[in-house]
Each structure stands twice: as structure tokens, then as C-alpha cells.
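Coordinates in review
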Amino acid sequence: MNYKNPDEYGYYGEFGGAFIPEMLYPNVEELQKNYLEIIESEGFQQEYQDLLKNYVGRATPLYYAKNLSEKYKTKIYLKREDLNHTGAHKINNALGQVLLAKRLGKTRIIAETGAGQHGVATATACALLGLECIVYMGEIDIQRQAPNVARMKMLGARIIPATSGSKTLKDAVNEALRDWINNPVTTHYVIGSVVGPHPFPDLVARFQSVISKEIKEQLLIQTGNENPDYIIACVGGGSNAAGAFYHFVNEKEVKIIAAEAGGFGIESGKSAATTFLGTLGVLHGSKSLVMQTEDGQVIEPHSISAGLDYPGIGPFHAHLFKEKRAEFFSINDEEALQSAFELTKLEGIIPALESAHALAVLDKKEFNENDNVVICLSGRGDKDMETYLKHL
Ligand SMILES: Cc1ncc(COP(=O)(O)O)c(C=O)c1O
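Summary of the structure given here. (Residues numbered from 1 in each chain as written. Predicted model: local features only at pLDDT ≥ 70, side-chain atom pairs only at ≥ 80, totals over all residues. Heavy atoms only, no water.)

Another point: the layout of surface pockets. Here the largest pocket defines a volume of roughly 270 Å³. Lining the largest pocket we find 13 residues, and of these Gln-45, Gln-49, Arg-206, Phe-207 and Ser-209 sit closest to its centre. Counting only elements with at least two residues in the lining of the largest pocket, the list comes to helix 1 (25-40), helix 2 (42-56), helix 9 (200-208) and helix 10 (210-223). In terms of residue count, the dominant contributor to the lining of the largest pocket is helix 2 (four residues). Its residues assigned to classes, the lining of the largest pocket comprises six nonpolar, four polar and three charged. (1 Å grid on protein atoms, 1.4 Å probe; cavity = no way out; pocket = protein on both sides within 12 Å on 5 of 7 lines; lining within 4 Å. Points joined across faces, edges and corners; volume = space filled by probe spheres on them. Helix = DSSP H or I, 4+ residues; strand = E, 2+ residues; numbered from the N terminus. Nonpolar A, V, L, I, M, F, W, Y, C, P; charged D, E, K, R; others polar.)

The residue Asp-363 is located in the loop between helix 15 (353-359) and strand 14 (372-377) in this model. With 324 residues separating them along the chain, Asp-363 and Ile-39 place their C-alpha atoms 40 Å apart.

Moving on to the sheet that holds strand 9 (residues 230-234). Paired through their backbone hydrogen bonds, the strands of a sheet run either parallel or antiparallel. As summarised here, the arrangement of the six strands in space is 3-4-14-9-10-13, forming an open sheet in which the pairing is mixed. Edge positions in the sheet fall to strand 3 (62-64) and strand 13 (326-332), since each of these pairs with one other strand and no more. Each neighbouring strand pair of the sheet contributes to a mean axis angle of 25 degrees, computed without reference to strand direction. (Pairing = 2+ DSSP bridges. Axes fitted to C-alpha atoms, helices over the stretch in contact; angles between N-to-C directions.)

So, on to the site of the ligand. Taken together, 18 residues lie around the ligand, and Ser-193, Gly-236, Gly-238, Ser-239 and Ser-378 are the ones closest in. In this structure, an oxygen atom belonging to the ligand sits 2.8 Å away from a main-chain N or O atom of Asn-240. Protein contact buries 97% of the 390 Å² of open area that the ligand shows by itself. Structurally, the ligand is housed in the largest cavity. Its residues placed into classes, the shell around the ligand shows five nonpolar, eleven polar and two charged. (Near = heavy atom within 4 Å. Polar contact = N/O pair within 3.5 Å; in protein donor to acceptor, adjacent residues only side chain to side chain. Areas by Shrake-Rupley, 256 points an atom, 1.4 Å probe, with all protein chains shown as cover. Sits in = over half its atoms within 2 Å of the grid points.)

Turning our eyes to something else, we now look at the packing of helix 5 (residues 117-129) against helix 7 (residues 146-154). Packing of helix 5 against helix 7 brings their axes to within 9 Å, and their N-to-C directions diverge by 15 degrees. Judged by the angle between their axes, helix 5 and helix 7 are roughly parallel. For the crossing formed where helix 5 meets helix 7, the hand is left-handed. Residues Gln-117, Gly-119, Val-120 and Ala-123 of helix 5 lie in contact with helix 7, whose contacting residues are Asn-148, Arg-151 and Met-152. Considered class by class, the residues forming the contact of helix 5 with helix 7 number three nonpolar, three polar and one charged. (Parallel < 35°, antiparallel > 145°, perpendicular 65-115°, else oblique. Left-handed = near helix turned anticlockwise from the far one by under 90°. Contact = heavy atoms within 4.5 Å.)

We now examine the pattern of salt bridges. One pass over the full model with this rule turns up 25 salt bridges. Arg-108 serves as the salt-bridge partner of Asp-179, at 2.9 Å between the closest nitrogen and oxygen. You can see Asp-179 sitting in helix 8 (residues 169-182) and its partner Arg-108 sitting in strand 5 (residues 108-113), a full 71 residues away along the chain. Among the residues examined, Asp-179 registers a relative accessible area of 6% and is labelled buried. Accessibility expressed as a relative area gives 11% for Arg-108, which makes it buried. Residue Glu-354 is joined to Lys-383 by a salt bridge in which the shortest nitrogen-to-oxygen separation is 2.8 Å. On the criterion of sequence distance, the pair formed by Glu-354 in helix 15 and Lys-383 in the loop between strand 14 and helix 16 (385-391) is long-range, its members being 29 residues apart. (Salt bridge = Lys/Arg side-chain N within 4 Å of Asp/Glu carboxyl O. Buried < 20%, exposed > 50% of the residue type's maximum accessible area, 1.4 Å probe, protein only.)

What follows covers the packing of aromatic side chains. This model, assessed by the stated rule, comprises eleven aromatic pairs. Positioned above the aromatic ring of Tyr-230, the side-chain terminus of Lys-255 is 4.9 Å from the ring centre. (Phe/Tyr/Trp six-rings, centres within 6.5 Å; stacked < 30°, edge-to-face > 60°. Lys NZ or Arg CZ within 6 Å of the ring centre and 35° of its normal.)

Below, the discussion takes up the environment of Gly-296. Within the fold, Gly-296 resides in the loop between strand 12 (286-290) and helix 13 (315-322). Given the relative accessible area of 39%, Gly-296 is considered partly exposed.

This part takes up the pairing of strand 14. In terms of residue burial, strand 14 counts as a mostly covered element, since six of its six residues are buried. Taken together, the six bridges between strand 4 (residues 75-80) and strand 14 define a ladder with parallel strand orientation. Looking across to strand 14, one finds that Ile-76 is bridged to Val-373. Relative to strand 14, strand 9 runs parallel, the two sharing three bridges. In the sheet register, Tyr-230 faces strand 14, and the bridge partner there is Val-373.

Below, the structure written as C-alpha cells:
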């Protein structure tokens, strides 16, 4: 089975598609018709690859974590997306989409953000490429990710608080979609994860696929085999995971593990563990697994990490889950915190709270001595210092 890309209507198995109000149809159709031709063109690739190398700082290292490997009695490699310019994987997608928007003649960029990393990445790309930038962010996230709010302001973005619902990521996406409906001609919506109507999940996965492309090249040099035994990543909407899994999903021998935010625990009523709690539904323009009541009301999610605090999951991942191609773990707030402290102590790397969920899988799963285990370290922990210090 081909897990990598959706069919022409944007479906991964039964998940995906484009469920949009009529007002959005021209924008989405314009993207559907043009995205592949533009992003695969030589001119686009030249500009994009040059920026990834010389501006973002790619390739990011694949770091053999000796101390962590000794503790867990296996071979652990960290894909250092935290070392990208702006501090997370989000810049791979933001730069790509802003370049695409320019080629579509757009002058105004909107984005949503949870942890603020996607907002910072989009504001950065807009500063660089000279476009207006508006970022929607939940009121709660504005408080808990203050350093990123300051960065976005300095980069020239206007931040509009989302004050409905749980005042987090889902509500920011709602506001951004509303803006897009009202400004269809001038504006491109830079979605920050593999969610939203077709073609966004595929578009974002393609921009993030550089992660697994590099892992393959780096593993081959370091181990003599381009495929690891395990690839592990955290999943909010699922963009760093889609990028880390992309070139491995069709390689049968690679085991794929996704870590979701368990919040206070799956049974607690305060979590964001969509594959454990979700059912088939439509959220933000695509059919996927959604945390919802029996009559289809979205259940407010909870996670200590703003970037995983989302009641859905991209259709790419819903499909991997349904087909049992990936194994999903639910990681509680406390477990993620402990894994962040452990990585800091053993390796001198402070991870983002989101990435710490992927690290926590090491405590939940037995690995063999000779397994090559690659973990996507999606971002750095600077933005989370206030939370870490509260729990130190
Ligand atoms: C560092 C980091 N990792 C992971 C995520 C989760 O997003 P995604 O699942 O799209 O990678 C975020 C979201 O803000 C993030 O900032």
C-alpha cells in the first residue's frame, strides 16, 4: 500500500478530502490545481533549497545520543530539528508556503499558531520575503508561550487573540479560516500542520519530508543502512511526524511510532489523545479522527504543550493508525516533563515540550540492544522555560 500521498481528491484511505464552505472554494481550488506544478518546478526548488541550506541551516544533524543510548540499552539517534533557524521544524513548511503564495500573486499572509513556533516561522518568512503577516493565537497560548509572542511582534506580525472555546490552537484555526473566507483574493493561509482541506495535508507533508530524506542519507553514512528499526515523533496535527515518517512509510521493515498528548491521562477528560478517543468526523476542512461528543460537538482538548493541544489529527496519520502501520502512544503531561528533564541532564539538550512527548516513548517500549532508534527532536525548549521552571 502507498501511505505517502493522497489520491487526487486528497484522501488517505477514508480520511482527508476538502470539506469547505462555498466561499473558500476558489482559494482551495486554485491551490489544488497549482501546488504540485509550482513546488516541483525548477525555479521554485532552486530558491527553496537555497533558503533551506543557507538561511535555515539545513541539513540538521542526526546526532547519536550516547548517554541516552546507554541508559535505554539501545542505539538512539536524535534528528535535530531544534537547530533550525527559529528553533523548530515549522520553518521548513512556512518558507515553502510563503514562496508558493508569492508565486500565486498573494500579498497578505495569515497563519494560526499554538506553541508560537509556526507563528514565528511564518512571521520570519514574511519579513524575509516582504509580505504582510497576521497570526491568530489562542488567548491561553499567548500567555503560556510569551517568548514567541514577543518574537512575532518584533518580526512585524500582527497577533490576533482567539477568545472562543478553549482559547487554544483549534480556536485559532477557526479564526484564521474565517479571515480567509473574508479575504479570498489577496490572502494565502499558511496552515502549520498536516491538517485542513486538500491539498494542505499533502503540501505540508511534502515540505516537511526533507526531515526523512536527510535521515536516510545520514543513517546510511553513520550505520551503513539508510533505514532505522524505529522512527519516533510527536503528533499534534502531525507535521514533524509526517516529515519524519514520509520516506519510511512504504519501507516495511521500518517500525513507526507516534506520540500523542495524553494530558492528565486518557480517562481524565483532559487530554488530546485523538487516536485513543477520537471518532470519524470533519474538523477544519478534512475528514479524520476527531475528539467529539456523540452529537458531533468538538471536545475541548488539554495538553501541557500548546503545540499538541489539538482535538484532531491529520488524515495521513489517521490512515496510518487505522491500517496499523504506526503504533500510537499516549504520553501524559508529567511523563513528558520528566523526559525533558532527563534529556537535558544526560545530553545537555533542552527540548520543546512537544518533542519531549516523543522522547517519553523510550520509557514505554522495549528496544533491542542493536536497534537503531531515530527520534525527531522537533524543537528547542526556550519557549517552555517558564513551564519547566515551575516543575523543576
Ligand atoms: C516544537 C514543536 N513540535 C511539534 C509541534 C506539533 O506540531 P506538528 O504535529 O504539526 O509537528 C509543534 C507545534 O507547534 C512544535 O512547536
